[in-house]
Amino acid sequence: MPDTLRNEVSGGAAEPDKWLTAHHDPVAGLHTFSSCMALADLSADGEVKLIIADLGSGSHNMKLKVYKGTQLSSENTLIDMPTGVITFHMDTTEPQLPAVAVASGSYIYIYKNLRPYFKFTLPTLEVNPLEYDAWNQARDDLLDVSLLYEILDSLRHEVGECGLTTRSQRFLMCPDHQSQQTFLDQHKGFLLKRQTVVTAIATLKKSYAEDDAISCLVLGTESANIFILDPEAFTILNSVSLPSVAVFLSVMGLYDVEYRIIVACRNGHVYTLKRGTKVGRPTIELNSQAVGLVRRDKSIFVATMDKNLHCYSNKGKRLWSQEMDSLILCLELIEIKALNLRLVAVALEDRRVLIFKDKHIVDTICTEAPVSAMLYGRFGREDNSFILVMRGADPPLIKLRGGSMRPGIPPSIFNVPASCLPSPKLIPRPAKVEDQQLKYFLQKYKITSFDAFKPERNLQKQYRNLIISRSKERLVCLFMTDNFSECSLSVIVENKPTLCFPLTLSAFKNGISVPLFKTLHPNNGLRFYPQFDETVRLAMHYDIPFDKTIENDVTLLQGHTSACVDTEKEKKLAFLTRQLELLLQKQFSMNDYCFAFQSYPKCNYEQLRDCLVLPCKRKLKRKGLYRDSV
């Protein structure tokens with residue numbers, strides 16, 4: 001940073017720079033945005049790499065670049081302009097390597113080990129009938145270019161730009177009659193299709209909140225829809241419609257439990273999506289279009305085009321607003337986990353990056369050019385790295401924090417003013433913060449006792465036709481059919497602590513015990529809330545094996561046989577029980593054959609063979625026991 005800029009920020013007095021410039025490449029030639037940058041350990045070697053989707057010139061030379069340290073390690077060519085890059089885990093195989101998802105046009109390109117792995121295509125949309133007829137008539141030379149342009153232009157005013165196909169949009173962009181005629185001659189012979197494009201992309205944890213847990217993809221499209229994709233089969237798990245096109249996404253929660261998606265749209269509104277909703281709920285109405293959205297704790301920070309930074313609660317109540325001196329270009333969340341500190345960085349047009357703690361500016365970074373993209377996180381082996389991409393010919397500027405927390409040793413590793421930091425100690429972090437994090441973890445996920453275990457409210461939100469009964473020692477959840485005539489699944493949580501776990505859980509589907517060793521600890525021990533939710537979900541989708549069903553029926557028939565008084569009825573029950581046992585054992589004896597003829601004296605072998613388990617005819621003839629009838 002030049003000394004003149006540093007003096008301007010500090011009021012004329014030169015002070016040491018809080019940021020260490022680790023790398024500065026003036027000829028990198030990158031053109032990207034914050035949504036097209038990501039950090040991930042792609043090789044599982046502890047070395048975090050920088051992933052950038054380079055926009056190139058906008059029409060060609062688009063590439064996916066990966067930086068290891070300060071060197072370009074690999075690059076892949078993209079066939080369309082990228083709109084977002086994220087990393088996520090799609091399986092649990094070892095070693096757990098994250099996949100890279102690139103949103104480009106109507107497709108999501110998945111890279112595994114930096115090699116193409118899968119391409120997901122967004123579903124096609126219905127073409128407007130008037131537009132379809134106009135292109136068909138133009139193909140048959142029934143419409144000239146001028147009339148086709150007038151029809152499509154009037155249709156654009158009716159349904160909007162996003163209601164037309166890509167071909168019509170590009171045709172309306174042609175400046176003169178000659179270019180329109182050339183475009184028509186080149187494309188009129190092809191099938192007219194209307195495809196939407198991806199405008200925003202994010203990730204949502206599926207079942208667990210760990211960093212390496214499997215995540216779903218959340219897509220915002222030009223057709224004003226939000227899609228949630230399954231990370232394994234890449235099918236659409238859920239679809240939500242919005243009044244406008246999504247431009248920014250902020251996702252929190254778990255898909256299998258409860259989640260919330262905050263969406264900033266082009267119409268200047270912010271919507272909230274929750275589990276089970278099909279239409280977005282309006283939460284915030286802005287005075288101008290949004291240029292950035294981040295979520296910090298229970299607050300939502302939104303930057304708008306009228307140079308204002310707003311802070312709202314999760315329910316949409318405005319907490320404060322602050323007008324900037326220049327236009328806001330982008331936002332980035334700065335999270336320092338060791339100090340439990342979360343800040344918000346705001347890049348301005350006047351070559352400054354302001355760092356906010358709540359509504360107070362705690363640091364200012366002056367740059368040589370306006371910043372167009374920012375990314376904060378672990379890069380290489382440095383936990384706190386701030387990556388800035390500047391406009392024009394300026395390349396990424398990576399600033400790292402250096403120093404230690406001990407007093408008397410050069411600057412703090414986190415480079416936050418002393419007013420925001422705890423008092424310096426000779427320990428990695430203050431014990432108070434550690435206690436707060438441990439307390440939050442215990443309250444949020446961990447089950448400490450049976451009295452503190454209260455999943456009723458969450459279960460009633462997720463499932464219908466549910467009956468919950470609770471006593472001092474047992475919690476019983478009965479999942480009934482639609483008409484409440486039968487119980488399809490029963491989940492029982494008992495206050496029986498094991499050696500390491502406070503509760504035990506058992507599940508029964510149609511009277512048959514469900515094996516739970518995949519999700520629970522030994523002896524069906526239960527410790528965490530996500531573990532309980534995952535167990536219930538697996539039990540709901542459990543397919544009862546045929547052998548288990550037969551064993552259950554045999555047990556019921558044996559009970560009825562022992563309590564039966566009528567001799568003939570007891571004989572028939574014994575015969576049915578024996579037939580079911582033969583289905584399980586796959587071993588037949590001659591006594592069973594004779595017993596079948598005694599039970600059904602008017603039937604021959606062929607008739608009994610169709611509905612009973614009997615030895616084969618060849619085996620009976622060899623022993624001289626085969627008879628057509630008795």
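Quick notes on the rules
Residues numbered from 1 in each chain as written. Predicted model: local features only at pLDDT ≥ 70, side-chain atom pairs only at ≥ 80, totals over all residues. Heavy atoms only, no water. Pairing = 2+ DSSP bridges. Helix = DSSP H or I, 4+ residues; strand = E, 2+ residues; numbered from the N terminus. 1 Å grid on protein atoms, 1.4 Å probe; cavity = no way out; pocket = protein on both sides within 12 Å on 5 of 7 lines; lining within 4 Å. Points joined across faces, edges and corners; volume = space filled by probe spheres on them. Phe/Tyr/Trp six-rings, centres within 6.5 Å; stacked < 30°, edge-to-face > 60°. Buried < 20%, exposed > 50% of the residue type's maximum accessible area, 1.4 Å probe, protein only. Lys NZ or Arg CZ within 6 Å of the ring centre and 35° of its normal. Axes fitted to C-alpha atoms, helices over the stretch in contact; angles between N-to-C directions. Parallel < 35°, antiparallel > 145°, perpendicular 65-115°, else oblique. Contact = heavy atoms within 4.5 Å. Nonpolar A, V, L, I, M, F, W, Y, C, P; charged D, E, K, R; others polar.

Novice: Mind laying out the pairing of strand 9 (residues 115-121), listing which residues take part and the relevant values?
Specialist: By the bridge criterion, 6 bridges tie strand 8 (residues 107-112) to strand 9 in an arrangement that is antiparallel. Across the sheet, the residue bridging to Ile110 is Phe118, located in strand 9. Between strand 8 and strand 9, which pair antiparallel and follow one another directly, the connecting turn spans 2 residues, one of which, Asn113, has a positive phi of 60°.

Novice: Mind laying out the layout of surface pockets, listing which residues take part and the relevant values?
Specialist: Taken as a whole, the second largest pocket encloses approximately 1,100 Å³ of empty space. Residue lining of the second largest pocket: 34 residues in total, with Ser106, Thr166, Arg170, Gln195 and Val197 positioned closest to the centre. For the lining of the second largest pocket, the secondary structure elements donating two or more residues are strand 8, helix 4 (166-172), helix 5 (177-187) and strand 10 (198-205). Here the element with the most residues in the lining of the second largest pocket is helix 4; it accounts for 4 residues.

Novice: Break down the packing of aromatic side chains for me, citing the residues and quoting the values.
Specialist: Geometry of an aromatic ring pair is reported as the spacing of the ring centres plus the angle between the planes. Counted by the stated rule, this structure contains 11 aromatic pairs. The interplanar angle of 15° and the centroid separation of 4.7 Å between the aromatic rings of Phe118 and Phe234 together place this pair among those described as stacked. Taken as a pair, Phe118 in strand 9 and Phe234 in the loop between strand 12 (225-229) and strand 13 (236-241) lie far apart in primary sequence, 116 residues in all. Ring plane angle 45° and centroid distance 6.1 Å describe the contact between Phe171 and Phe183, whose orientation is recorded as tilted. You can see Phe171 sitting in helix 4 and its partner Phe183 sitting in helix 5, a full 12 residues away along the chain. Taking relative accessible area as the criterion, Phe171 reaches 0% and is therefore assigned buried. For Phe183, a relative accessible area of 13% puts it in the buried group. Members of the aromatic cluster, joined through ring pairs, are Trp135, Tyr149, Phe171 and Phe183. Cation over ring: Arg275 sits above Tyr255, and NZ or CZ is 5.6 Å from the ring centre.

Novice: Please set out the packing of helix 3 (residues 145-159) against helix 5 residue by residue, giving values where relevant.
Specialist: Contact geometry of helix 3 with helix 5 gives a least axis separation of 10 Å together with a crossing angle of 90°. Between helix 3 and helix 5, the interaxial angle falls into the category roughly perpendicular. Listed contacts from helix 5 to Val145, Ser146, Leu148 and Tyr149 of helix 3 are His177, Gln180, Gln181 and Leu184. Across the contact of helix 3 with helix 5, the residue classes break down as 4 nonpolar, 4 polar and no charged.

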